[in-house]
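Breakdown of the fold
So the chains spell out like this:
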Amino acid sequence: ERSLEIVEQLGDPVRAVYLRTNMANLYRGQGDLDRAQELFETIQQESVRLGLTQLEAVAIANLGEVAGDRGQHELAVRHYRESVAICQNIGELRVQGLVLGRLGMTLHRQDDFPGALAAFQEGEVLLRGLNSRVNLSIHFGLLGCMYVERGEIARARELLQEGTSLLKGLDLPPTSDA
């Protein structure tokens, strides 16, 4: 939070949006959903004010994540669809593809398997078109989790292996088990 104060004093509102996003994700990860939601709402408003439409779409999608964490799946779906619509309007295919995966998972949790598959398939088409191996891998991981929840372990394994294979040969930074 001290970094945010400094950035605001320096008059850098764009960097402040990015810092707030990091802070909101940290709060969400710690389970402080009220604080995360408050920050994501601020981020959305600031993004609109600054004309940062892509970040507005991301903030709305993150509000969907918070709603989903609270079990408010209908609200989450509304946020995801709003985010997808913004992405379509500005041609932001990467974010759109990733948000469609989140939408698919939420529709699945609402027992709308056909809708979930349609969202995942649309997201996959977009991400394949971008040749975005890392993001496509994330997408397959989420789709695999959906199949785990459905009890279809063999299909989940196939998807997770496909997602992992997309990462082979990429120069990714090492991860920590800590």
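Summarised in this report is the structure supplied together with it. (Residues numbered from 1 in each chain as written. Predicted model: local features only at pLDDT ≥ 70, side-chain atom pairs only at ≥ 80, totals over all residues. Heavy atoms only, no water.)

**What to know about the overall build of the chain**
Applied cut-off: Secondary structure is summarised from DSSP: a helix means a run of H or I of at least four residues, a strand means a run of E of at least two, and numbering begins at the N terminus for each. Working definition: with a 1.4 Å probe on protein chains only, accessible area under 20% of the residue-type maximum means buried, over 50% means exposed, and in between means partly exposed. Any two residues whose heavy atoms approach within 4.5 Å at even a single point are treated as in contact. Methods summary: accessible areas were calculated by the Shrake-Rupley approach with a probe of 1.4 Å, and residue burial reflects only the protein chains presented.
When helices and strands are counted, the chain shows nine helices and zero strands. Reading the secondary structure of the chain in the N-to-C direction produces α-α-α-α-α-α-α-α-α. Looking at the chain residue by residue over its 178 residues, the buried ones come to 41%. In the chain, once contacts between residues fewer than 6 apart in sequence are set aside, the share between residues at least 24 apart is 50%. On the chain, roughly 9900 Å² of surface is accessible, and the fraction owed to carbon and sulfur atoms is 49%.

**Observations regarding helix H4 (residues 53–69)**
Definition in use: One less than the number of residues in a helix, times 1.5 Å, gives the span that helix is expected to have.
In this model H4 runs 24 Å from its N-terminal to its C-terminal C-alpha over 17 residues, within 8% of the 24 Å that 1.5 Å per residue would give. Residues of H4 that are buried include every one of Leu 55, Glu 56, Ala 57, Ala 59, Ile 60, Ala 61, Asn 62, Leu 63, Gly 64, Glu 65, Val 66 and Ala 67, and no others. Of the surrounding secondary structure, the elements contacted by the buried residues of H4 are helix H2 (13–29), helix H3 (33–50), helix H5 (73–90) and helix H6 (93–109). At the exit of H4 stands Gly 71, carrying a positive phi of roughly 80 degrees.

**Focus: the side chain of Asn 62**
Inspection of the secondary structure assignment puts Asn 62 in helix H4. Among the residues examined, Asn 62 registers a relative accessible area of 7% and is labelled buried. Dropping the residues within four chain positions of it, Asn 62 is found in contact with Asn 25, Phe 40 and Arg 102.

**Digging into the pattern of salt bridges**
Which entries qualify depends on this criterion: For this document, the term salt bridge refers to a Lys or Arg side-chain nitrogen within 4 Å of an Asp or Glu carboxyl oxygen.
Within this structure, the stated rule accounts for 11 salt bridges. Ionic pairing is found between Glu 65 and Arg 102, a salt bridge with its closest N-O pair at 3.7 Å. Here Arg 102 lies in helix H6 and Glu 65 lies in helix H4, a separation of 37 residues in the sequence. Classification of Arg 102 by relative accessible area gives partly exposed; the value is 26%. Across the salt bridge formed by Arg 128 and Glu 124, the nearest N and O atoms sit 2.9 Å from each other. Within this pair, Arg 128 and its partner Glu 124 are both found in helix H7 (residues 113–129), separated by four residues, close to a single helical turn. On the basis of relative accessibility, which here comes to 39%, the residue Arg 128 falls in the partly exposed class. Put simply, Arg 28, Glu 65, Asp 69 and Arg 102 are held in one network by salt bridges that share partners.

**Side note on the nonpolar core**
For the record, the criterion: What is meant by a nonpolar core is a set of buried Ala, Val, Leu, Ile, Met, Phe, Trp, Tyr and Cys residues, joined one to another through side-chain atoms within 4.5 Å.
Within the largest apolar cluster, 31 residues are counted, with the highest numbers of intra-cluster contacts made by Leu 103, Leu 143, Met 146 and Tyr 147. Of all the elements in the fold, those that place two or more residues in this core are H4, H5, H6, H7, helix H8 (133–149) and helix H9 (153–167). Looking at this core, the element that brings in the most residues is H6, giving seven residues. Apart from the residues lying within four places of it in its own chain, the contact partners of Leu 103 are Val 77, Tyr 80, Arg 81 and Ala 119.

**Section: the packing of H6 against H7**
The test is simple: Only the contacting stretch of a helix is used when fitting its axis, a line to C-alpha atoms as for every element, and angles between N-to-C directions run 0 to 180 degrees. Oblique is the label for any angle not under 35 degrees, not over 145, and not in the 65 to 115 range, which are roughly parallel, roughly antiparallel and roughly perpendicular in turn. Working rule for handedness: look at the near helix, and if it is turned counterclockwise from the far one by less than a right angle, call the crossing left-handed; if clockwise, right-handed.
Running from amino to carboxyl end, H6 crosses H7 at an angle of 165 degrees, the nearest separation of the two axes being 8 Å. Viewed along their axes, H6 and H7 adopt a mutual orientation that is roughly antiparallel. With respect to the hand of their crossing, H6 and H7 are arranged in left-handed fashion. Here H6 contributes Leu 93, Arg 94, Gln 96, Gly 97, Leu 98, Leu 100, Gly 101, Leu 103, Gly 104, Met 105, Leu 107 and His 108 to the contact with H7, which in turn contributes Phe 113, Gly 115, Ala 116, Ala 119, Phe 120, Glu 122, Gly 123, Leu 126 and Leu 127.

**A closer look at the packing of H4 against H6**
Cut-off, in case you're wondering: Asp, Glu, Lys and Arg are counted as charged, while Ala, Val, Leu, Ile, Met, Phe, Trp, Tyr, Cys and Pro are counted as nonpolar; the rest, among them Gly, fall into the polar class.
Where H4 contacts H6, the two axes come as close as 11 Å, and the packing angle between them is 10 degrees. Regarding the angle of H4 to H6, the classification is roughly parallel. Between H4 and H6, the contacting residues are Gln 54, Val 58, Ala 61, Asn 62 and Glu 65 on the first element and Arg 94, Val 95, Val 99 and Arg 102 on the second. When the residues that make up the contact of H4 with H6 are grouped by side-chain class, the tally is four nonpolar, two polar and three charged.

Everything listed here is a matter of geometry and, on its own, says nothing about what the molecule does.
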